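# Inside the fold
Take a look at the letters that make up each chain.
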Amino acid sequence: MTSGEGAKARWVYSFGGGDADGAASMKDLLGGKGANLAEMSSLGLPVPAGFTITTEVCTRFYADGGAYPDGLAAQVAEALGLVEKRVDKIFGDPGNPLLVSVRSGARASMPGMMDTVLNLGLNDETVEGLASLANDRRFAFDCYRRFIQMYSNVVLGLDHHMFEEILDDRKDMLGVTVDTALSADDWQALVGEYKAVVLRERGKDFPQSPQEQLWGAIGAVFTSWNNDRAKFYRRMHDIPDAWGTAVNIQSMVFGNMGETSATGVAFTRDPSTGEGRLYGEFLVNAQGEDVVAGIRTPQSLTKAAREAMGDQTPSMEEAMPEVFGQFEEAIGRLERHYRDMQDIEFTVERGRLYILQTRNGKRTAKAALKVAVDLANEGVITREEAIGRVDPASLDQLMHPTIDVNSARDIIAVGLPASPGAATGKIVFTAEAAERQWANGEPVILVREETSPEDIRGMDAARGIVTARGGMTSHAAVVARGMGRPCVSGAGELHIDLKAGEMRARGRVFKAGDTITIDGAKGEILAGAAPMVEPELSGDFAELMTWADAVRRLRVRANAETATDAAMARQFGAEGIGLVRTEHMFFDEARIAAVREMILADDEKGRRAALAKIHPMQKGDFVALLEIMDGYPVTFRLLDPPLHEFLPHTQEDVAAVAKATGLDADKLLRRARELRESNPMLGHRGCRLGVAFPEIYEMQVRAIIEAACEVAASGKATPIPEIMQPLVAMGEEMDFLRALTDRVAKAVMAEQGRTIEYHVGAMIELPRAALRAADLARGAEFFSFGTNDLTQTTFGISRDDSSRFLNAYLDKGILGKDPFVSLDVDGVGALIEMAAERGRQVRPDMKLGICGEHGGDPSSIAFCERVGLNYVSCSAYRVPIARLAAAQAALATRR
């Protein structure tokens, strides 16, 4: 029975005062934030008292059309009373008011994606009580104006820009630039103006009842679970919609009570590099949203960080040495307790430290590797735990080029190095423009004054992100690191003019569409496209990969057709090639004429004459691949696409090809029309070409075996060729093709006077092939599941056209994941399991693998481990991802 079942369902868990109802192990129920608040409270850390409404309430909220479960209101009232007792304040009391924050908290961190309300409980009466208690009217009315703006935006649905414009107008009128320059009278006047906006826009006054405010905020947080940005973030990070969010209600502590108060964000290790040093920022006389929203550029935590940044404003270590010492002790204790790098939010209220949140910190792939390896080498975690600490998909960040250190740098501006990596693209100033140009295939750099959660789609579409304001822990920085996007934040030299569509810096003007490069590791913005260099994978990466390779069972191969791709795959640790698409070589400009000549031939003799021209080219390609993969298998898939793909189709293209090659234009056009098919994916392709035109496959098999003989004779490498028949559906097809392959191979070996060990297999791409796998196993020594086509034929969906409607299926929850990205375990997976079982009944030692793009997808790799496949094959750049995912899958099966 869960906590939300039965007659006495429990919906609320309290924490504070060194005690808690929950614990860190209860993330599924309390969300990550609520579970960690409970844990920290039990540890005796200074956590403001509060309570958590469980994720089960969120689930019920959506299931019951926005209604709350019975008993919730009473439990909230009881928990609120306990908070009142712990802090000695009364919610809604005019003279001694308790103010609370209302925050989301899913079991997986989703920074900025859902809604938060601070200073809740303020109204025209309680603001006076707060002013009296604090002996500071300026502080009280600053809190009230913040609350009105935040509540109006989050709960009432009003645009926050309306309030910001009023504030900007007052600062302009006063001739000041920072909020701290405004007086108590200024804030009180702004409160009146803000309330007038609410009345004008809604036709009703701003709510004065604290209870109405509280339930409005609770509902808004639950509703924000399904806002567009949250849904997009969940899909991007593979977070299930069914999880829901908890709601955390916590007594307010104030970092904006003068010069002895502050607020900040800290990481126990550097989230960009993983170095073991305190990393973060704080602001004196501010509230938390000022730091993460980038409204003010914050100060460094440590003196060393301040000096490294060349900043003159004092660090927390210098400005508040006693509190800083307490803070260092607390965060060190948290890292030791959780055994991982922590991301911590804190507030100092009149010299007293409070910890508001801790969670495992989001980090770049480089940092994740270093933190995991360092913690293992420090004895904090085991090597197996270190393997599990790195998200395999994040390694993609390390597979891409960086700016050449020897190149000239035309620096436009310098900001903070918020997220490492380099990117080149065209300037765009809005998230919408980034999405639009990305959809057209244009790389872009998103340049903003500051980002907000609403920019999430544009940030995902951009190659890199630049902000003029904000620090190293701003929204832009945190989200960019999580996405693996390079980011330069706080580039104060930039002056962005959205209306003119331009930015200015150092006397230069750059318009939307101009190309720039950013270096997220140095915080530099460069004019033009800077030269890049390929990555070097060593150090922490190499060490973790060595540990991963020692525990994984699945072998990892690469899909590659060129010597360049094959060499790159070996550099990334590929143990062979699982798919050589032999037809890719046909599209080379020097070869396409011979291929077209073969297609235009009127009889077998003409085709063989053209194939004789292609043969030495194919053989040369195969020699190179076998040499590079010395001692590892190379799987050559014989010709697969329909022949019409090699011909021009329009009259203009036909005329151009005829002129360039000397081929007959009328014959070209006529043959292209003859070969045209209504549904080429299910047409005359794959092994059907080998049956109809066996001379094509004979040429390819001869080229493969001759290449293997040449490599073996040279002594340069040990060739292990595998020959794969594509799109096989029937045992009789496989028998025919196996006989053809063996006949040609034996003839070549007799001619060469050399015996080569080779293997013949089938590519399983059709449901019938899976159903009749036992028939295919008579002639096939291995099965390679072509999961791209197997997904298409199982669902009856064209991958090329699926984007038109799959998003609707994902949005409506009909599909949990795109089946072309992550393997459909229930359908396609069931066919793979069936084929594996039936094939091995006939041939117990049959080798099994997959060679679609799913071979580089971690969740698909986990499935391959569970069902006992021998290998996965993926693109060269995804080989490290597959190696780590295979290790994690192997460890999961041992638990």
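What counts, and at which threshold
- Residues numbered from 1 in each chain as written.
- Predicted model: local features only at pLDDT ≥ 70, side-chain atom pairs only at ≥ 80, totals over all residues.
- Heavy atoms only, no water.
- Helix = DSSP H or I, 4+ residues; strand = E, 2+ residues; numbered from the N terminus.
- Buried < 20%, exposed > 50% of the residue type's maximum accessible area, 1.4 Å probe, protein only.
- Areas by Shrake-Rupley, 256 points an atom, 1.4 Å probe, with all protein chains shown as cover.
- Lys, Arg positive; Asp, Glu negative; His and termini not counted.
- Charge placed at Lys NZ, Arg CZ, Asp CG, Glu CD.
- Pairing = 2+ DSSP bridges.
- Axes fitted to C-alpha atoms, helices over the stretch in contact; angles between N-to-C directions.
- Contact = heavy atoms within 4.5 Å.
- Disulfide = S-S within 2.5 Å.
- Patch = residues over 30% accessible without salt bridge, like charges linked within 9 Å, V, L, I, M, F, W, Y side chains within 5 Å.
- Salt bridge = Lys/Arg side-chain N within 4 Å of Asp/Glu carboxyl O.
- Core = buried A, V, L, I, M, F, W, Y, C linked by side-chain atoms within 4.5 Å.
- Parallel < 35°, antiparallel > 145°, perpendicular 65-115°, else oblique.
- Left-handed = near helix turned anticlockwise from the far one by under 90°.
- Nonpolar A, V, L, I, M, F, W, Y, C, P; charged D, E, K, R; others polar.
- pLDDT = per-residue confidence, 0-100.
- Phe/Tyr/Trp six-rings, centres within 6.5 Å; stacked < 30°, edge-to-face > 60°.

Now for the overall build of the protein chain. If you tally the helices and strands in the protein chain, you get 34 helices and 34 strands. Split into buried and exposed, the 895 residues of the protein chain put 56% on the buried side. In the structure as shown, the protein chain presents an accessible area of about 35600 Å², 49% of it carried by carbon and sulfur atoms. For the protein chain, the centre of its 100 positive side-chain charges and the centre of its 127 negative side-chain charges are spaced 3 Å apart.

Bringing the sheet that holds strand β29 (residues 633-637) into the picture now. Within a sheet, neighbouring strands are paired by backbone hydrogen bonds and run either parallel or antiparallel to one another. Overall, parallel pairing links the 8 strands, which are arranged β27-β28-β29-β30-β31-β32-β33-β34 in a closed barrel. Sheet twist, expressed as the mean angle between neighbouring strand axes with direction ignored, is 30°. When strand β28 (residues 577-581) meets β29, the two strands line up parallel, connected through 3 bridges. Across the sheet, residue valine 580 finds its bridge partner in β29, namely phenylalanine 636. Its contacts with the sheet place helix α27 (residues 731-752) against β30 (720-725) and β31 (759-764), and it is angled at close to 145° to β31.

A few words now on the pairing of strand β27 (residues 555-559). Of all 5 residues in β27, 4 are buried; the element is thus mostly enclosed. With 2 bridges joining them, β27 and β28 adopt parallel strand pairing. When the bridges of β28 are listed, alanine 558 appears paired with isoleucine 577.

Right, let's get into helix α33 (residues 858-866). Burial in α33 covers these residues: Ser860, Ile861, Phe863, Cys864 and Glu865. Contacts from the buried residues of α33 go to α32 (828-842), β33 (847-850), β34 (871-875) and α34 (879-894). Where α33 terminates, the next one or two residues include glycine 868, which has phi positive at roughly 80°.

Let us look at the sheet that holds strand β15 (residues 411-414). Strand order in the open sheet formed by 8 strands is β15-β25-β24-β17-β18-β19-β20-β16, with mixed pairing between adjacent strands. Since the sheet does not close on itself, it has two edges, and those belong to β15 and β16 (416-419), each with one partner. Across the sheet, the mean angle separating the axes of adjacent strands is 30° when strand polarity is ignored. Here strand β18 (residues 444-448) pairs with strand β19 (residues 464-467) via 4 bridges, running parallel. In the sheet register, isoleucine 445 faces β19, and the bridge partner there is glycine 464. Sitting on the sheet, helix α16 (residues 431-439) touches β17 (422-428) and β18, and the angle it makes with β17 is about 110°.

Before going further, it helps to spend a moment on the state of the cysteines. Summed over the entire model, instances satisfying the criterion amount to 0 disulfides. Among the cysteines around cysteine 851, which has no disulfide bond, cysteine 864 carries the closest sulfur, lying 11 Å off.

On the surface, a cluster of negative charge is made up of Asp159, Glu165, Asp168, Asp169 and Asp172. When you line up the elements, aspartate 168 lands in helix α6 (residues 160-174).

Time to look at the nonpolar core. Of all hydrophobic cores here, the largest spans 135 residues; its most connected members are Leu395, Leu544, Ile705, Phe783, Phe785 and Leu869. Per-element tally for this core: the top contributor is helix α26 (residues 694-714), with 11 residues. Apart from residues lying up to four places away in sequence, phenylalanine 783 is in contact with Ala762, Ile764, Ala773, Leu776, Ala777, Ala835, Gly839, Met846, Lys847, Leu848 and Gly849. Phe61, Leu156, Ala220 and Ala462 belong to the second largest nonpolar core, which has 88 residues in total.

A separate point is helix α30 (residues 787-795). With 7 of its 9 residues buried, α30 lies for the most part within the structure. For α30, the set of buried residues is Thr787, Asn788, Asp789, Leu790, Thr791, Gln792 and Thr793. Those residues of α30 that are buried are in contact with β31, α28 (767-771), β32 (782-785), α32 and β33. A positive backbone phi angle near 70° is found at glycine 796, which sits one or two residues after α30.

Moving on, we get to the packing of α26 against α27. Their axes nearest at 9 Å, the elements α26 and α27 cross at an angle of 40°. As judged from the angle between their axes, α26 and α27 are oblique. Between α26 and α27 the crossing geometry is right-handed. Touching Pro694, Tyr697, Glu698, Val701, Arg702, Ile705, Glu706 and Cys709 of α26 are Leu737, Leu740, Thr741, Arg743, Val744, Ala745, Ala747, Val748, Met749, Glu751 and Gln752, all from α27. Across the contact of α26 with α27, the residue classes tally to 12 nonpolar, 2 polar and 5 charged.

This part takes up the packing of helix α1 (residues 27-42) against helix α13 (residues 321-338). Close contact between α1 and α13 brings their axes to 12 Å; oriented N to C, the two are set at 115°. Here α1 lies roughly perpendicular to α13, going by the angle between them. In terms of crossing hand, the pair formed by α1 and α13 is right-handed. The residues of α13 that touch α1, namely those facing Asn36, Glu39 and Met40, are Leu334, His337 and Tyr338.

Turning next to the pairing of strand β6 (residues 100-106). The buried fraction of β6 amounts to 7 of the 7 residues, a majority that puts the element mostly inside the structure. Where burial is concerned, the two faces of β6 agree: the one with Val100, Val102, Ser104 and Ala106 and the one with Ser101, Arg103 and Gly105 are both buried. Of the strand pairs in this sheet, β6 and strand β7 (residues 116-120) are connected by 3 bridges, and their pairing is antiparallel. Counted as the bridge partner of valine 102 is valine 117 from β7. In the sheet, β6 pairs with strand β8 (residues 245-251) via 7 bridges, with the strands oriented antiparallel. Bridge pairing in β8 links serine 104 to valine 247.

Here we come to the pattern of salt bridges. Taken as a whole, this structure holds 63 salt bridges when the rule is applied. Residues aspartate 21 and arginine 10 are paired through a salt bridge, measuring 2.7 Å at the closest nitrogen-oxygen approach. You can see aspartate 21 sitting in the loop between β2 (19-20) and α1 and its partner arginine 10 sitting in the segment before β1 (12-16), a full 11 residues away along the chain. Accessibility expressed as a relative area gives 33% for arginine 10, which makes it partly exposed. Residue aspartate 28 is joined to arginine 107 by a salt bridge in which the shortest nitrogen-to-oxygen separation is 3.3 Å. Taken together, the residues aspartate 28 in helix α1 and arginine 107 in the loop between β6 and β7 connect sequence positions 79 residues apart. Counted as one network, the salt bridges with shared partners bring together Glu583, Arg637, Asp640, Arg685, Glu765 and Asp789.

Here we come to the environment of serine 474. Checked against the element boundaries, serine 474 lands in the loop between β19 and α18 (475-483). A C-alpha to C-alpha distance of 9.1 Å links serine 474 and glycine 490, two positions 16 residues apart in sequence.

Looking at the protein chain, pLDDT values average 91 and 97% of them are 70 or higher. Residue range residues 1-6 is modelled with pLDDT below 50. Its contacts to residues more than four positions away, or to other chains, number 12 contacts.

Attention now goes to the environment of leucine 579. Note that leucine 579 resides in strand β28. Expressed as a C-alpha distance, the spacing of leucine 579 and phenylalanine 324, which sit 255 residues apart in the sequence, is 57 Å.

This part covers the packing of aromatic side chains. As enumerated under the stated definition, the model contains 15 aromatic pairs in all. Between the aromatic rings of phenylalanine 139 and phenylalanine 254, the centroid separation amounts to 5.0 Å while the plane-to-plane angle is 80°, which identifies the pairing as edge-to-face. Within this pair, whereas phenylalanine 139 is found in helix α5 (residues 137-154), its partner phenylalanine 254 is found in the loop between β8 and β9 (262-267), the two being separated by 115 residues in sequence. Aromatic ring contacts, followed pair by pair, group Phe61, Tyr62, Tyr68, Trp215 and Phe222 into a single cluster.

Let's shift gears to unusual backbone geometry. Notably, asparagine 135 is not glycine yet its phi reads approximately 55°, a positive angle. With respect to the helices and strands, asparagine 135 occurs in the loop between α4 (126-134) and α5. Given a relative accessible area of 71%, asparagine 135 falls into the exposed group. The phi dihedral of arginine 506 is positive, around 50°, even though this residue is not glycine.

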